[in-house]
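Chains, contacts and geometry: an overview
Residue strings, one per chain:
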Amino acid sequence: MPNKKISALEVAIQQVDLAAEMLNLESGICEMLKKPTKSLIVAVPIRRDNGEINVFTGIRVQHSKARGPYKGGIRYHPDVTLEEVTALAMWMTWKCAVADIPYGGAKGGIKCNPKELSIGELERLTRRYTTMILNIIGPYQDVPAPDVYTDAQTMAWIMDTYSQFKGYLVPEVVTGKPLHLQGSEGREAATARGLTYCIDEATKHLGMKLRNATVAVQGFGKVGWNAARILDDQGCKIIALSDSKGGIYNPKGINPTKVNEHKKKTDSVMDYKGCKNITNEELLETECDILIPAAMENQITKENAGNIKTHLLAEGANGPTTPEASKILAEKGIFMIPDILANSGGVTVSYFEWVQNLHREHWTKEEVHRKLKYKMVNAFKDVFDAMKEYETDMRNAAFTLGVGRVADSIKSLGLWP
Ligand code: GLU
């Protein structure tokens with residue numbers, strides 16, 4: 001992966017400064033927006049299967065509640081730091097504002113390598129972490145969800161731990177739960193589906209055809225795999241895929257479903273028949289119509305931005321492009337669907353799940369897809385209109401729109417006391 005020169009938090013702060021300048025924002029409000037309301041760090045001890053005790057660092061950062069309860073995922077990853085989680089929490093605030101759903105922003109994480117933990121160890125880690133953040137989460141307070149290397153099972157453990165303390169079942173405390181435990185239809189693939197709705201809108205604007213459009217996807221988690229699968233169904237030609245170990249390339253096209261089967265057997269997309277193995281760096285520089293970074297932050301930097309050869313960048317991951325790189329891409333005429341717009345389908349269906357839980361309802365898959373499409377098309381249009389209004393690119397427009405909406409709420413709420 002490219003060198004990490006600038007931290008995610010530095011990127012997040014630069015983005016607020018840029019938006020504040022466009023909006024002519026009062027400096028005190030800008031100061032408020034650049035700091036999280038609350039950051040909690042907990043030491044999470046668990047007993048390993050071998051009898052030893054290990055202590056992991058758990059974090060929950062609550063950035064803003066100006067537009068509603070704190071909202072955001074929890075990730076399990078060896079690179080989790082307070083700075084990274086803070087940046088991710090800030091991005092959740094702008095994302096919920098751009099998606100126009102009534103939430104603020106938060107993020108959580110545990111610094112660990114989930115691939116080295118057994119299912120029992122993961123359950124104990126999740127339950128102990130939940131207990132330690134119990135006082136700051138809740139259906140109207142802070143609603144966690146899945147993120148990198150956490151899933152519906154993780155959410156079920158959080159829901160059960162929270163409910164055990166309350167004495168009754170509280171499904172609305174987390175989203176992204178299993179379907180049979182009051183999860184929502186369409187949540188699992190929602191981020192990827194929302195991304196494809198944005199790609200649809202962008203291709204209409206660019207006069208591009210989806211049929212046979214060449215696509216490169218970095219990352220083969222929930223977002224990358226589902227995006228590749230849906231775009232393949234829509235007639236796109238997937239020419240490059242990757243995971244954390246490396247990637248594969250075939251200009252004639254790759255069947256993502258078959259690669260998924262191969263990955264289940266071998267633990268990587270690499271060495272798939274008929275394809276050339278490539279690195280993650282090479283994947284990003286592949287000549288293609290649509291490039292989808294769907295892995296981690298800081299992948300497209302000023303070092304490699306000049307080598308990106310795509311027409312459309314659709315960001316499945318959070319923060320994959322640094323501000324300097326974004327400038328270079330915009331100058332090259334690459335149309336960007338920035339993360340806080342492109343991947344907002346996940347939190348949008350999280351919102352649908354929360355509404356269903358609060359009303360004790362269950363919507364059909366068709367209803368969820370229809371409502372998601374409506375929200376994504378509107379969010380895309382709002383960002384597109386902001387791009388025209390502020391005479392800027394899609395990324396700056398999205399941040400300006402998101403930051404502006406949160407600033408408006410703060411101004412109207414006023415300061416207490
Ligand atoms: N982790 C996802 C994101 O980064 C979803 C968050 C949520 O549903 O609350 O947008």
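Above this note sits the structure.
Structure report, in brief. (Residues numbered from 1 in each chain as written. Predicted model: local features only at pLDDT ≥ 70, side-chain atom pairs only at ≥ 80, totals over all residues. Heavy atoms only, no water.)

1. With respect to the pattern of salt bridges
Applying the stated criterion to the full structure yields 23 salt bridges. In this structure, R127 and E123 form a salt bridge, with 2.9 Å as the shortest nitrogen-oxygen distance. Placement of both R127 and E123 in helix α4 (residues 119-133) is noted, with a separation of four residues, approximately one turn of the helix. E123 gets classed as partly exposed once you look at its relative accessible area, which sits at 26%. One salt bridge in this structure joins R395 and E315, with 2.8 Å as the shortest N-O distance. Note that R395 is positioned in helix α14 (residues 394-413) and E315 in the loop between β11 (312-314) and α10 (323-331), a separation of 80 residues in sequence. You'll find R395 and E315 in the same group, each marked buried. Here the salt bridges share partners, and the residues they tie into one network are R75, E84, K107, D147 and E297. (Salt bridge = Lys/Arg side-chain N within 4 Å of Asp/Glu carboxyl O. Helix = DSSP H or I, 4+ residues; strand = E, 2+ residues; numbered from the N terminus. Buried < 20%, exposed > 50% of the residue type's maximum accessible area, 1.4 Å probe, protein only.)

2. Concerning α14
Given a rise of 1.5 Å per residue, 20 residues ought to cover 28 Å, and the 29 Å separating the end C-alpha atoms of α14 matches this to within 8%. The buried count for α14 comes to 15 of 20 residues, which makes it a mostly enclosed element. Capping the start of α14, D393 holds a side-chain oxygen 3.0 Å from the backbone nitrogen of R395, two or three residues further along. Positive backbone phi, approximately 75 degrees, marks G414, located one or two places after α14. (Expected span 1.5 Å × (residues − 1). Polar contact = N/O pair within 3.5 Å; in protein donor to acceptor, adjacent residues only side chain to side chain.)

3. Here's the deal with the site of the ligand
In the vicinity of the ligand lie 14 residues, with K71, K95, P146, D147 and S350 positioned nearest. Residue K71 places a side-chain N or O atom 2.8 Å away from an oxygen atom belonging to the ligand. Between the ligand and D147, the relevant distance is 2.7 Å, taken from a nitrogen atom to a side-chain nitrogen or oxygen of the residue. Coverage of the ligand by the protein amounts to 95% of the 290 Å² it exposes when considered alone. Counting residues per element, the ones that place at least two in the shell around the ligand are β3 (70-77), α3 (82-98), β5 (142-146) and α12 (345-358). Each residue belonging to the shell around the ligand can be placed in one class, and the counts come to four nonpolar, five polar and five charged. (Near = heavy atom within 4 Å. Areas by Shrake-Rupley, 256 points an atom, 1.4 Å probe, with all protein chains shown as cover. Nonpolar A, V, L, I, M, F, W, Y, C, P; charged D, E, K, R; others polar.)

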